[in-house]
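Residue-level listing of the chains:
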Amino acid sequence: MTNSTSLLSAWQQLRNRSITCEEALNVLIDQEGMLKLHLLDPEVSQRFFREFPDRDILPPIIPLLLWRNCYYLASPVSISEDMIKVMSDRSFSDIKIVPVDEKSYSSWFHTQHLDPTRISAMPLVNPLTGELERENVSETTELYLSKAVDQIERIKTLLSGALRNRASDIHLEPFKDCLKIRYRIDGILRKITTLSPEVGRKVIVALKVMSNMDIAESRRPQDGRIGENYAGGKGSNQGLDMRVSVLPCVWGEKAVIRLLPEENPFTDLHNLGFASQALDIYKKLLHQPQGMIIFTGPTGSGKTSTLYTSLMNVATEDINVVTVEDPVEYVLPGITQTQVHERAGMTLAAGLRAILRQDPDVIMVGEIRDRETADTAVRAALTGHLVLTTLHTNDALGAIPRLKDIGPDPGLISDALLGIVGQRLVRKICSYCAAQYTPTEQELSVLGLEKAQIDLSTFRKGKGCANCFKTGYSGREAIVELLDLDDISRQIIYDGTMTQLYRYLQERGYISFRWAAIDKVTTGVTTVEEVQRVVPYSALIRKQ
Ligand SMILES: [Zn+2]
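Rules used in this analysis
- Starting afresh in each chain, residues are numbered from 1 along the sequence in its written order.
- Per-residue local features are limited, in this predicted model, to residues with pLDDT of at least 70; the limit for side-chain atom pairs, both in listing and counting, is 80 or more; totals at the level of whole chains, interfaces and linings are taken over all residues.
- Each side-chain value is worked out from all heavy atoms of the structure, with water and hydrogens disregarded.
- Whenever Lys or Arg places a side-chain nitrogen within 4 Å of a carboxyl oxygen from Asp or Glu, that contact is recorded as a salt bridge.
- Only DSSP runs of H or I reaching four residues or more are called helices, and only runs of E reaching two or more are called strands; each is numbered from the N terminus.
- Three labels apply to residues, based on accessible area from a 1.4 Å probe with only protein chains included: buried if under 20% of the type maximum, exposed if over 50%, partly exposed otherwise in between.
- For two strands to pair, DSSP has to find at least two bridges joining them.
- A cavity here means a set of 1 Å grid points, computed over protein atoms only, where a 1.4 Å probe fits but cannot escape. A pocket is an open set with protein on both sides within 12 Å along at least 5 of 7 lines, and lining residues have an atom within 4 Å of a point.
- Grid points are joined across faces, edges and corners, and a volume is the space filled by probe spheres set on the points.
- For this scheme, ten residues count as nonpolar: Ala, Val, Leu, Ile, Met, Phe, Trp, Tyr, Cys and Pro. Four count as charged, namely Asp, Glu, Lys and Arg, and the remainder, Gly too, count as polar.
- As a per-residue measure, pLDDT reflects the predictor's confidence and takes values from 0 up to 100.
- Residues count as neighbours in contact if any of their non-hydrogen atoms are within 4.5 Å of one another.

## A few points about the pattern of salt bridges
So, point 1. One pass over the full model with this rule turns up 22 salt bridges.
So, point 2. For Asp 484, the salt bridge identified is with Arg 508, shortest N-O distance 3.1 Å. Note that Asp 484 is positioned in strand β19 (residues 473-484) and Arg 508 in helix α17 (residues 498-508), a separation of 24 residues in sequence.
So, point 3. Using a relative accessible area of 29% as the deciding quantity, one classes Arg 508 as partly exposed.
So, point 4. Each of the salt bridges in this network shares a partner with another, and the network as a whole consists of Glu 173, Arg 182 and Lys 254.

In structure tokens, the structure reads:
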């Protein structure tokens, strides 16, 4: 690929007489029917399509070569004699059709309709079938980058690819011989492609300009923001907020772009991952006129999504929903959101007190960390308000001793609490390569199951394919445990021990992590391995 002739299109090589027409066709389309897009000459296309202002009448074709008054056209379908005659008459040339693979046609079609000056999250649609295309991210990104003419277009191409593939972050990392580009998709970093060091440096500089950083400064870390619009799922214009940071490192500056689409993703409780039984109970809790619901889980467990989606579901015209957050992560329509500002005296507790003076129905307190906030929140939950909040604990049960430690009166806590949600995010089995498999006894024992207890034919596993980066997983959803409190458990919270509470819950039954894990694994959503990776071991070995 380094000699100079390979930089010329096949058509130019043919016109130079360095290859024959037959050789030109062979370098353009290999034996499997795959087209080498980079060897096509745009001029051939331009000349051919110039004769067809009504281009829509044409069947799927790719102009390959024009040689001795004959157009060589590639097509993934067979073309009728009548159509060939029409094309021949209009172009005053002979027409020869060469078969090409459907996938190549589709790639070519996408590059024809590519607009590198715009950021777009529009999914790729197969031009032949109208179905959504399974995208190989590395392949399309490399192809599209080759069409970008400057740094801004390169950056927009990377942003579009990231949005189309649900990436949350883009990492641009310089090494001695390249700038490595990775996307974080479903929580895991994926290498997408590399740029040459020279192009890489220019991309970083352009990115610094776009995010208003000092480009003369490359020895200290900087951060900035970019606001852009992009074409969203249905072609509508959406806002995209980006936080950019650069960090000087050995081979230059490493940049990370965090993507924050402004499109409201918090609409449907059904998409969160609750088992249907758990969702029924949860909806009842959420529509109580008063009381407190606590959400637990570490950072990245998806509890903010659950919290926001819940707020969006209770926020109707006749209900006043107010939040105090640190910080506001997404702006939600129809909800008053306030942000903590310690230096200005706007603490969580102060914010909460101010909210209570404004006649709220539903209150969300970002997190309970101190006695004052805890007291105020519990009292609010006992005086006609629904209060949603979070605590950093390993599982749902852990929230009770944690809240007691912070300090409110145990009697008030037990009266106020409606329920506690504990959650993690599990990766879902890739639907393209999922296959049935029989779990081992060891795997079953992780869930405390024995072979005779369950239908083994429901277990699935992803074999790994291009759509899931050979991991067997694609997309994530929450695995949820839900503790809904009744009078007996409230009494135990007031004057009993955690052991007593747990023993009671075991007898009565509740939606534990183990229960939810069995549900997710036996319905083919995820695997035992994945459950083991994300759910705390202590929560799985408990048997309910
Ligand atoms: Zn797959």
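## Points about the sheet that holds strand β8 (residues 222-231)
So, point 1. Strand order in the open sheet made by the seven strands is β4-β8-β9-β10-β5-β6-β7, with mixed pairing throughout. Bordering the open sheet on either side are β4 (119-120) and β7 (188-195), each of which pairs with just one other strand.

## Focus on empty space enclosed by the protein
So, point 1. Enumeration over the complete set of coordinates arrives at two cavities of 30 Å³ or more.
So, point 2. In this structure, the second largest cavity occupies an estimated 40 Å³ of space.
So, point 3. Around the second largest cavity, the lining residues are Gly 273, Phe 274, Ala 275, Ala 278, Val 480, Ala 516, Asp 519 and Lys 520.
So, point 4. Ranked by residue count, the leading element in the lining of the second largest cavity is helix α18 (residues 513-522), at three residues.
So, point 5. Taken together, the residues of the lining of the second largest cavity sort by class into five nonpolar, one polar and two charged.

## Some details on the layout of surface pockets
So, point 1. The calculated volume of the second largest pocket comes to roughly 680 Å³.
So, point 2. Around the second largest pocket, the lining is made up of 27 residues, and of these Met 34, Lys 103, Ser 104, Ser 107 and Glu 139 lie nearest the centre.
So, point 3. Mapped onto the lining of the second largest pocket, the elements with two or more residues apiece are α5 (102-112) and α6 (137-145).
So, point 4. Within the lining of the second largest pocket, the residues separate by chemical class into eight nonpolar, ten polar and nine charged.

## Topic: the confidence of the model for the protein
So, point 1. In the predicted model, the protein carries a mean pLDDT of 91, and 98% of its residues have values of at least 70.
So, point 2. When the criterion is pLDDT under 50, residues 1-5 qualifies, and its contacts beyond four places in sequence or with other chains add up to three contacts.

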